[in-house]
Amino acid sequence: MLLEMRKIAVNYGKINAIRDISIAVPEGKIVTIIGGNGAGKTTTLRAMSGMIPIVAGEILFEGTRIDHLPAHKVVAHGIAHVPEGRRIFKDMTVEENLRTGAFLRRDKPEIERDLEQVYDRFPRLRERRVQRAQTMSGGEQQMLAIGRALMSKPRLLLMDEPSMGLAPVIVEEIARIIEEINAQGLSVVLVEQNAELALELAHHAYVLETGNTAMEGPAHELRGNEHVRAAYLGL
Ligand code: ATP
C-alpha cells in the first residue's frame, strides 16, 4: 500500500469529528471517499496531509509513520493536498501561485521543467501566467490549485471537492484531468459530494458515516449497492 490509515480518530476540541476510520490507498489507484455533510471526509484528508493531529491510530506512507509529522514534512514525503475551496493566493499571479507549490524543492532545473509540464497540461494557465489569480474563473482556479499541488512533485494527490461550484462542462474537464494524471502514475484520494462522479472515476471507494467507515469496496460494486444508490446517488 502507498498510504495506510489505521483506525484513526480526530477531535476538534470536544467534538469527535472522526472516531474510527481506516483507509488504504494502493499505488497507482484512485480512491474516493464519499459521505454526507459532516461525515468526516475533509477531516480525513486533513489528517492525511498533517494539517490536523490525530488522537488515535496511525498513518503510514510507503510503510513509514507520518502521523506525527508537520504538514510541510508530509509534503516533502510526496503527499500534496488540493484543499476544499482551492485556497489559491488571490493577489499573486498564476505563475507565482504555481511556484509556491515547489517551495520545498531545491532542484531548480527540474522545477522549470515541471512548470512547463503544468503549462502543457493546462494551456489556459500558460496564457494567463501573469494574470492575478483572483481574476480567474472557478474552473481555472481549480486547475491552478491542481497545478500548484503538482509542482511539489507528489506521489499521492489529495483532492477535496474539486467539482464544487463548477458548471457541468467544467466538472467533466476536471474529471478527465484527474484520469490523465492518474494514468501517468499518480495515486489520488478524491473526496466528493458528487458521489456519481466519484464512483465513476475511482477504482476503490469508502463511504463515511458520522466519523466511521460505513462501507468500502471496488467503486463499481458500491455503485450497484442498494444503500449507496438510495443514500448517495439519489436513485
Ligand atoms: P462536508 O461535506 O459538509 O464538508 P465532511 O464530511 O467533509 O463534510 P468534516 O468537514 O470533516 O465533514 O467534518 C466532520 C465533523 O467535524 C463535523 O461534525 C463538523 O461539524 C466537525 N468539524 C469540522 N471542522 C471543524 C472545526 N474547525 N471545528 C469544530 N468542528 C469541526
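The rules behind these values
Residues numbered from 1 in each chain as written. Predicted model: local features only at pLDDT ≥ 70, side-chain atom pairs only at ≥ 80, totals over all residues. Heavy atoms only, no water. Core = buried A, V, L, I, M, F, W, Y, C linked by side-chain atoms within 4.5 Å. Buried < 20%, exposed > 50% of the residue type's maximum accessible area, 1.4 Å probe, protein only. Contact = heavy atoms within 4.5 Å. Near = heavy atom within 4 Å. Polar contact = N/O pair within 3.5 Å; in protein donor to acceptor, adjacent residues only side chain to side chain. Areas by Shrake-Rupley, 256 points an atom, 1.4 Å probe, with all protein chains shown as cover. Helix = DSSP H or I, 4+ residues; strand = E, 2+ residues; numbered from the N terminus. Nonpolar A, V, L, I, M, F, W, Y, C, P; charged D, E, K, R; others polar. UniProt positions renumbered as here; feature names shortened; annotations may be inferred. 1 Å grid on protein atoms, 1.4 Å probe; cavity = no way out; pocket = protein on both sides within 12 Å on 5 of 7 lines; lining within 4 Å. Points joined across faces, edges and corners; volume = space filled by probe spheres on them. Pairing = 2+ DSSP bridges. Salt bridge = Lys/Arg side-chain N within 4 Å of Asp/Glu carboxyl O.

Asks: Looking at this structure, I do not really get the nonpolar core. What am I missing?
Replies: When a protein is soluble and globular, its nonpolar side chains tend to lie buried together. Counting 49 residues, the largest nonpolar core has Leu98, Leu125 and Leu157 as the members making the most contacts within it. Apart from residues no more than four positions distant in its own chain, leucine 125 is found in contact with Val94, Leu98, Val118, Tyr119, Met136, Glu140, Met143 and Leu144. The next biggest cluster of nonpolar side chains, apart from the first, holds 30 residues, and it includes Ile8, Val31, Val74 and Ile79.

Asks: Looking at this model, I keep getting lost on the site of the ligand. Mind explaining?
Replies: Taken together, 14 residues surround the ligand, and among them Gly38, Lys41, Thr42, Thr43 and Gln193 come closest. Between an oxygen atom of the ligand and a main-chain N or O atom of glycine 38, the distance comes to 2.8 Å. Here alanine 39 contributes a backbone N or O atom positioned 3.1 Å from an oxygen atom of the ligand. Protein chains shield 63% of the accessible area of the ligand, which is 630 Å² for the free molecule. The element that contributes the greatest number of residues to the shell around the ligand is helix 1 (residues 41-48), accounting for 3 residues. In terms of residue class, the shell around the ligand is built from 4 nonpolar, 7 polar and 3 charged.

Asks: Before we go on, may I ask you to explain the UniProt feature "domain: ABC transporter" (unreviewed entry) in the protein in this structure?
Replies: Mapped onto the present numbering, the UniProt feature "domain: ABC transporter" (unreviewed entry) falls at residues 3-235. The span residues 3-235 shows a helical share of 38% and a strand share of 27%, and its end C-alpha atoms are spaced 32 Å apart.

Asks: I keep staring at the layout of surface pockets and nothing clicks. Help me out?
Replies: Over the atoms rolls a probe the size of a water molecule, and in doing so it shows where empty space is left. As a volume, the largest pocket reaches approximately 570 Å³. Of all the elements in the fold, those that place two or more residues in the lining of the largest pocket are helix 1, helix 2 (71-77), strand 6 (79-82) and helix 6 (138-150). Considered class by class, the residues forming the lining of the largest pocket number 11 nonpolar, 7 polar and 5 charged. If you add up the space inside the second largest pocket, you get close to 380 Å³. Forming the boundary of the second largest pocket are 15 residues, of which Gln117, Arg121, Leu150, Gln184 and Leu186 lie nearest the centre. It is helix 4 (residues 108-121) that provides the largest number of residues to the lining of the second largest pocket, a total of 5 residues. Across the lining of the second largest pocket, the residue classes break down as 6 nonpolar, 3 polar and 6 charged.

Asks: Can you walk me through unusual backbone geometry in this structure?
Replies: Negative phi is the rule for most residues except glycine; trans is the rule for most peptide bonds. Here lysine 7, not a glycine, exhibits a phi torsion of approximately 50°, which is positive. Along the polypeptide, lysine 7 turns up in strand 1 (residues 3-12). For lysine 7, a relative accessible area of 54% corresponds to the exposed category.

Asks: I would appreciate a short explanation of the pairing of strand 4 (residues 56-61) in the present structure.
Replies: Residues in a regular strand point their side chains to alternate faces of the sheet. When strand 1 meets strand 4, the two strands line up antiparallel, connected through 5 bridges. Bridged to leucine 3 within strand 4 is phenylalanine 61. Note: strand 4 against strand 5 (residues 64-65), 2 bridges, orientation antiparallel. Paired with leucine 60 across the bridge in strand 5 is arginine 65.

Asks: Where do I start with the pairing of strand 3 (residues 30-35) in this structure?
Replies: Strand 3 sits mainly inside the fold: 6 of its 6 residues count as buried. Residues Ile30, Thr32 and Ile34 line one face of strand 3 and the alternating positions Val31, Ile33 and Gly35 line the opposite face, and both faces are buried. With 4 bridges joining them, strand 3 and strand 8 (residues 187-191) adopt parallel strand pairing. By the bridge assignment, valine 31 is partnered in strand 8 with valine 189.

Asks: What is the right way to read the pattern of salt bridges from this model?
Replies: In a structure, side chains of opposite charge can pair up when their charged atoms sit close to one another. A complete count under the given rule lists 26 salt bridges for this structure. Among the salt bridges present, the one from glutamate 110 reaches arginine 113, with a minimum N-O distance of 4.0 Å. Linking glutamate 110 with arginine 113, this pair stays in helix 4, spanning 3 residues, or about one helical turn. Taking the relative accessible area as the measure of exposure, glutamate 110 reaches 30% and is therefore partly exposed. For arginine 176, the salt bridge goes to glutamate 172, with nearest N and O atoms at 2.5 Å. Separated by 4 residues within a single helix, arginine 176 and glutamate 172 lie in helix 7 (residues 168-183), roughly one turn from each other. Residue classification places glutamate 172 among the partly exposed residues on the basis of a relative accessible area of 36%. When salt bridges that share partners are traced, they join Glu95, Arg99, Glu112, Glu116, Asp120, Arg126 and Arg129 into one network.

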